[in-house]
Each structure stands twice: as structure tokens, then as C-alpha cells.
Amino acid sequence: MTCRAIYTVRRLTPAEQRLVRETLLEGKQRIFLQQFEDGFPTFRHYGLDMGDGTVVHFSGKMEYIHANAWIQRTSCSAFCRGGVICPAYDVRFCFPQEEVARRALSQVGCNFGGYNFLCNNCEHFVNWCACGRRISRQVMMREQIEEDLQD
């Protein structure tokens, strides 16, 4: 089975905005909160294209960002919800594609340790499948901005 990392750019829904705001306030993430307040209303939603018209991704029922999200296998159209699918060239595959697909499929139906916008999101899931590390460059870039501002 072949697979590739993909993403779609999404606007935050009102329910997602509430969850993000609560998460940022709890974690006292000043730069994230400021960017959120200043209007960074988009994010990349990552998944793994299984090569058969389906995508494995970490998502909630109605929103991508959802406290009760779980790993799902859906159609490509359900994944992108009208958005454009882009190849995620920033995701490095350390494992063969078949192993990445196996890792992804092994988590379908699970909550992958519980969704958290900052430390366990869809990008963390895709990178874990691809290379065994839970990382999110979206979060890392914003954290670097905060560190630079504090120096």
C-alpha cells in the first residue's frame, strides 16, 4: 500500500475558535493567543493519503479541532471538506510507505493519547506515523517566535 502525507488549509469554525482560545489560556501561550486574537484563523489539517481514495487523520466529528477527536479513515472529500489537498513535503518518511500506512491504520478508532491543539494534534499524528516522533512544525514555528520575543 502506498501512502503520502497531505494537508488542507482550513479556517477555524466558531467551536474550534472556542477550544483553541481555552487551550491557549490554560497553557498561558501569550504569542499564540495574540496571533489568534489578531486573526490567524487558518491552520493546516494533516492526514495520510492511503492511495485508495481514503485518508487517515486525527479529527473530531464536526470540527477538525475537537477535544474528543479520534483517528479516522475517511474519504478524501470528507478530509478536505471543500478545501484543496496539498502534498506535505515537510513530513519526512523514516519508515517505508507500507510501514507508515500500517502505523496509521493501527490507530484508527483510537484517540492517540487525547487531542491537544498544541501538543497532540493531526500533524503530531502524521509525523509519528512517518518517523516515530510526535512533532508539529506549525506549533514549533510559533513557539520559536515566542522564544525570540522573550530574548
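Residues numbered from 1 in each chain as written. Predicted model: local features only at pLDDT ≥ 70, side-chain atom pairs only at ≥ 80, totals over all residues. Heavy atoms only, no water.

**A closer look at the side chain of E123**
- For E123, the position within the fold is in helix α5 (residues 122-131).
- Here E123 is buried and forms no salt bridge, its nearest opposite-charge partner R137 lying at an N-O distance of 4.9 Å.
- When near neighbours in sequence (up to four residues on either side) are disregarded, E123 contacts Y46, D90, I135, S136, R137 and Q138. (Helix = DSSP H or I, 4+ residues; strand = E, 2+ residues; numbered from the N terminus. Buried < 20%, exposed > 50% of the residue type's maximum accessible area, 1.4 Å probe, protein only. Lys, Arg positive; Asp, Glu negative; His and termini not counted. Salt bridge = Lys/Arg side-chain N within 4 Å of Asp/Glu carboxyl O. Contact = heavy atoms within 4.5 Å.)

**Some remarks on the pattern of salt bridges**
- As enumerated under the stated definition, the model contains 3 salt bridges in all.
- Residue R73 is joined to D52 by a salt bridge in which the shortest nitrogen-to-oxygen separation is 2.6 Å. In this pair, R73 is assigned in strand β4 (residues 70-75) and D52 in the loop between β2 (42-49) and β3 (54-59), connecting sequence segments 21 residues apart.
- What makes R73 partly exposed here is its relative accessible area of 36%.

**With respect to the confidence of the model for the protein chain**
- Considering every residue of the protein chain, the mean pLDDT works out to 80; 74% of them sit at 70 or more.
- When mean pLDDT is taken per element in the protein chain, helix α4 (residues 97-106) scores highest with 97 and helix α2 (residues 30-37) scores lowest with 51.
- Here residues 142-151 is a poorly scored stretch, pLDDT under 50, and it has 13 contacts once near neighbours within four places are set aside; other chains count. (pLDDT = per-residue confidence, 0-100.)

**Brief notes about unusual backbone geometry**
- Positive phi, normally seen in glycine, also occurs at F112, with a value near 55 degrees.
- Tracing the backbone shows F112 in the loop between α4 and α5.

**Looking at the nonpolar core**
- Residues L48, F58 and F125 are the most contacted members of the largest nonpolar core, which totals 28 residues.
- Listed by contribution, the elements that provide at least two residues to this core are β1 (4-11), β2, β3, α4 and α5.
- Of all the elements, α5 adds the most residues to this core, at 6 residues. (Core = buried A, V, L, I, M, F, W, Y, C linked by side-chain atoms within 4.5 Å.)

**Considering the packing of aromatic side chains**
- In the structure shown here, the tally under the stated rule is 5 aromatic pairs.
- Ring plane angle 85 degrees and centroid distance 5.9 Å describe the contact between F58 and F112, whose orientation is recorded as edge-to-face. Of the two residues, F58 sits in strand β3 while F112 sits in the loop between α4 and α5, which places them 54 residues apart along the sequence.
- Overall, F58 belongs to the buried group, its relative accessible area being 0%. (Phe/Tyr/Trp six-rings, centres within 6.5 Å; stacked < 30°, edge-to-face > 60°.)

**Regarding the side chain of T54**
- Mapping T54 onto the fold places it in strand β3.
- A polar atom in the side chain of T54 sits 2.5 Å from the side chain of D52.
- Not counting the four nearest positions on each side in its chain, T54 is found in contact with L48, D49, R73, T74, S75 and C76. (Polar contact = N/O pair within 3.5 Å; in protein donor to acceptor, adjacent residues only side chain to side chain.)

**A look at the packing of α4 against α5**
- Packing of α4 against α5 brings their axes to within 7 Å, and their N-to-C directions diverge by 135 degrees. Relative to α5, the element α4 lies oblique. Remark: the crossing between α4 and α5 carries right-handed chirality. Only F125, W128, C129 and A130 of α5 make contact with α4, whose side of the interface consists of V100, R103 and A104.
- Partitioning the contact of α4 with α5 into residue classes produces 6 nonpolar, no polar and 1 charged. (Axes fitted to C-alpha atoms, helices over the stretch in contact; angles between N-to-C directions. Parallel < 35°, antiparallel > 145°, perpendicular 65-115°, else oblique. Left-handed = near helix turned anticlockwise from the far one by under 90°. Nonpolar A, V, L, I, M, F, W, Y, C, P; charged D, E, K, R; others polar.)

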